[in-house]
Every structure is written in structure tokens, then in C-alpha cells.
Amino acid sequence: MQPNSISSPKFKVSRFNPYREHLKTQIAHTSLLTLKPRASLPKIQKNTSQISQRSEIPLLKMQTMGSPLNQSFLLEMEKVYCVWHSETGIVGGEQKKHNQDAILVQNMKNYQLFIVCDGHGSSGHLVSNYVLNTLIQQIEQGMQRNQYMLQYNTQLHKTVIKGAFAKTSSLLEQSSLPIIRSGCTCNIVMLLQQNIVPADLGDFQQEFQKESVVYCANVGDSRAMMVSRGIRGGLIINQLSMDHRLDVVEEKNRIKQKGGTIAQLQHNGQSVGPYRVWLDEMQGSGLAMSRSFGDTQMQSVGVTSEPTIYEQKVRPQDLFMVIASDGIWEYMTNQQVAKLVYEKYEQQDQAAQYLVQQAQQQWKENDVVVDDISCIVVFFNQSL
């Protein structure tokens, strides 16, 4: 089916609020779900009767990738499709020397990782690759150390992820990389099946029911979102991470309390671009985010590498996730991104490349440069 034959979905936007509990839906189930086998994927319907079957999630056969090239990669699995793509930016009409994005899709023993890092500064490409490779090692070590307790304390996953971010940041600062004015963002999604632990454990040998869950941890302005099937035929967008920008009240207050200056760039006497954090003297270009790895000169004014972490169960109505660098989100809304991916719902191997190409076009129409652009698209509930 051609994209123009897919009816434009209606959108119900779930506005992101880190203080609400909508990220922790109470709908529990035992596994990822698949649609009934059909010759072609159905359009979004006004009821959910076609997604009522349940089936066990297999271990996903994934591979790693760092320092992304300008090509697409497809990982085909029994129940889940994952595809990703990255393009190097353009400055002065020529392709940049380095792609500062680094992305990874990795299958571990009992979980899967999807990571997008976006470097900035003269050494941003080095920082993003260092953070990506170090972070996955730290998460693996933390999961191994706590593998027994993770069966009975599901919130320990957040502790492991937070500890991995802290250790990665520490090792980065101990490394020889020049990170005074260079750093990177990081958005990581962990997909796993965890036990539904009853309040009274009783017999420790009991068989626990399982549920599929995603944990999303973020530092900076790379973003992840889940797109789900609405009960009235539309698409529901649930942003899984919070952009750490200087117009977020909590972030702005922390920076100001530490003595940082928040202002836009000045050009011909006018304020342009996003808000940035500066040292008192406002030299250089400032930093257009409130959290990052590296950027050590900004740590004194409240810039931190501590992630915000959110949890969401994978539900029968969930269609796909998008994890991407800010090159995707700069000139496109969540609704536009969801619609573009949905247009490729029946050609899922093309979704990531198509999304990146559309983002590139937006940059060309709205800016004099084109940023590095990278994304990972994870499809659920598909039947090919």
C-alpha cells in the first residue's frame, strides 16, 4: 500500500508532565502482543478487538553499532521490528567531517537496549562514542551484580541505570578526552520482561507472572516517544522522556541557583535561537541544554549528567517507539513524526530512513545548516 492510501490518523496528544503518573499505566499483561496474521496490516480501527491475542516475546537477535554511517540497518525478529538510520550533517553546502551522533541497538541476556547519543563541541564525536560504549558496559555490570534482587525489586532497574550514568560520567572525566567545552546528550530505552511481584512474596520459589516494560533514561535534548492505537481510531502520543532545555522551570531554577546565566544568542541586537546557559561573562556560544555528559566548565553552574528516568508498561495498543537525536525534533512536532512513521507502517524497513530524510528537508527549508540526524524506530504488534 502506498503512503497516500493510508488515511491520516487523528491524534490525541498526551502532554508530557514529569509529575503526573500517566507514564506508569496500570494495565498489566504477560507479554508483548502480536496482531492476528493477515495478508496486510490493518488500518487503525475504532476498536481493539484485533489485538487481543497474546504471545511470548522471544530474545531479540540484535547487534551493536557505534559511529553510525549514512545507511539504514534493519533487525528482523519474530515479534518486533527495529530499524535505524543516521545521516551526517551539512555545513556550508558540504558534508561535515564527523557525524557526532552515535547510536546502538543491543541484545543482552534478559533485556534489550536502544541508545542515541548526540555530541556537541569540537570533540563531540569522541564523547558520544565514549559515552555509548562505556554506558552499555556499566549497565551490563550493574544488571549482573543485581540479577537476583532484580527478580523481586523491579524498581532496582532504575537504580542500576542511574548508577551506570553516574559511573560513565566519572570515567569520562577521568579520561583524556577534551571535554571542557565538548559533551553529548544520551537517551536510552531498556526493553525487558520483569516479574509482577506481589506485595506478599510468600514462597520465594513461586513462578511470577511477567510484564513487558520500557525504562527510558535521558540526559539532554534527544527524545523518545511511544505511539499507540487509540480506542477511537486515532494515534496517542506519549513522550517517554523530558527535553532538558532552559525553558523548563525546574531546570531553569537549578541553573540560576548555581549562578548561571540563561539567555539567547545575540545577532544584530536581536535574540535568536534557543535559550542557553552561560557562565557570568557570557563568552563563547553557551550550551543549549541543561544536562549533558562532559561540558565540565558548565558543571559549576548546574549542568549535570544525572538522568531523568521514566517507566512504562508495553501495552496491547502500543504500535511503535521512536528514539532520536534533536535533529529529528528541531523542526518537526511529535505529531508530525508519528504520522511520518505511520505512513511506513506497512514498509517498516523504510521507516527510519524516510523519517531522517524528511527531517533533513525541514532543516534545508528552515536553516542554513543541516544537523546530524539519527533515529531508531521499534515496531510492536506487527504481523508481516
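Everything quoted here is computed from the prediction, not taken from an experiment.

Draft legend 1. Broad picture of the nonpolar core. Counting residues in each nonpolar core, the largest one holds 33 residues, and the members touching the most others are Tyr-111, Leu-113, Cys-117, Ile-139, Phe-165, Ile-188 and Met-190. Put simply, the parts of the chain that give this core at least two residues each are strand E6 (101-107), strand E7 (111-120), helix H1 (124-145), helix H2 (156-174), strand E8 (183-195) and strand E9 (210-219). By residue number, the principal contributor to this core is H1, which donates seven residues. Within the second largest apolar cluster, 31 residues are counted, among which are Trp-329, Trp-363, Val-370 and Val-377.

Draft legend 2. Seen up close, the packing of aromatic side chains. Applying the stated criterion across every chain yields a total of six aromatic pairs. On the basis of an interplanar angle of 85 degrees and a centroid distance of 5.0 Å, the ring pair of Tyr-331 and Trp-363 is categorised as edge-to-face. Taken together, the residues Tyr-331 in the loop between helix H4 (326-329) and helix H5 (334-343) and Trp-363 in helix H6 (residues 351-366) connect sequence positions 32 residues apart. Note on Tyr-331: relative accessible area 25%, which makes it partly exposed. A residue is classified by how much of its surface remains accessible, and Trp-363, at 6% relative accessible area, is buried. Put simply, the rings of Phe-320, Tyr-342, Tyr-345 and Phe-379 touch in pairs and so form one group of aromatic residues.

Draft legend 3. Quick peek at the side chain of Arg-276. Summarising the element assignment, Arg-276 is placed in strand E13 (residues 270-278). One buried charged side chain, Arg-276, makes no salt bridge at all; its nearest oppositely charged neighbour is Glu-330, positioned 8.3 Å away. Those residues in contact with Arg-276 that lie beyond four places of it in its chain are Leu-246, Thr-261, Ile-262, Ala-263, Leu-265, Ser-285, Gly-286, Leu-287 and Ala-288.

Draft legend 4. Representation of the packing of H5 against H6. Their axes nearest at 9 Å, the elements H5 and H6 cross at an angle of 135 degrees. Judged on the interaxial angle alone, H6 and H5 are oblique. As for how H5 packs across H6, the hand of that crossing is right-handed. Seen from H5, the contacting residues are Val-337, Leu-340, Val-341 and Glu-343; seen from H6, they are Tyr-354, Leu-355 and Gln-358.

Draft legend 5. Highlighting unusual backbone geometry. Although it is not a glycine, Asn-268 sits at a positive phi angle of roughly 50 degrees. Position of Asn-268 among the secondary structure elements: in the loop between strand E12 (261-267) and E13. When its relative accessible area of 71% is taken as the criterion, Asn-268 is described as exposed.

Draft legend 6. Region of the structure containing the environment of Leu-126. Within the fold, Leu-126 resides in helix H1. Separated by 24 residues in sequence, Leu-126 and Ala-102 place their C-alpha atoms 9.5 Å apart.

Draft legend 7. Broad picture of the pairing of strand E3 (residues 81-87). Most of E3 is tucked away, with seven of its seven residues classed as buried. The pairing of E3 with strand E17 (residues 373-379) spans seven bridges and is antiparallel. Its bridge partner lying in E17, His-85 is registered against Cys-375.

Cut-off values and rules
- Residues numbered from 1 in each chain as written.
- Predicted model: local features only at pLDDT ≥ 70, side-chain atom pairs only at ≥ 80, totals over all residues.
- Heavy atoms only, no water.
- Core = buried A, V, L, I, M, F, W, Y, C linked by side-chain atoms within 4.5 Å.
- Buried < 20%, exposed > 50% of the residue type's maximum accessible area, 1.4 Å probe, protein only.
- Helix = DSSP H or I, 4+ residues; strand = E, 2+ residues; numbered from the N terminus.
- Phe/Tyr/Trp six-rings, centres within 6.5 Å; stacked < 30°, edge-to-face > 60°.
- Lys, Arg positive; Asp, Glu negative; His and termini not counted.
- Salt bridge = Lys/Arg side-chain N within 4 Å of Asp/Glu carboxyl O.
- Contact = heavy atoms within 4.5 Å.
- Axes fitted to C-alpha atoms, helices over the stretch in contact; angles between N-to-C directions.
- Parallel < 35°, antiparallel > 145°, perpendicular 65-115°, else oblique.
- Left-handed = near helix turned anticlockwise from the far one by under 90°.
- Pairing = 2+ DSSP bridges.

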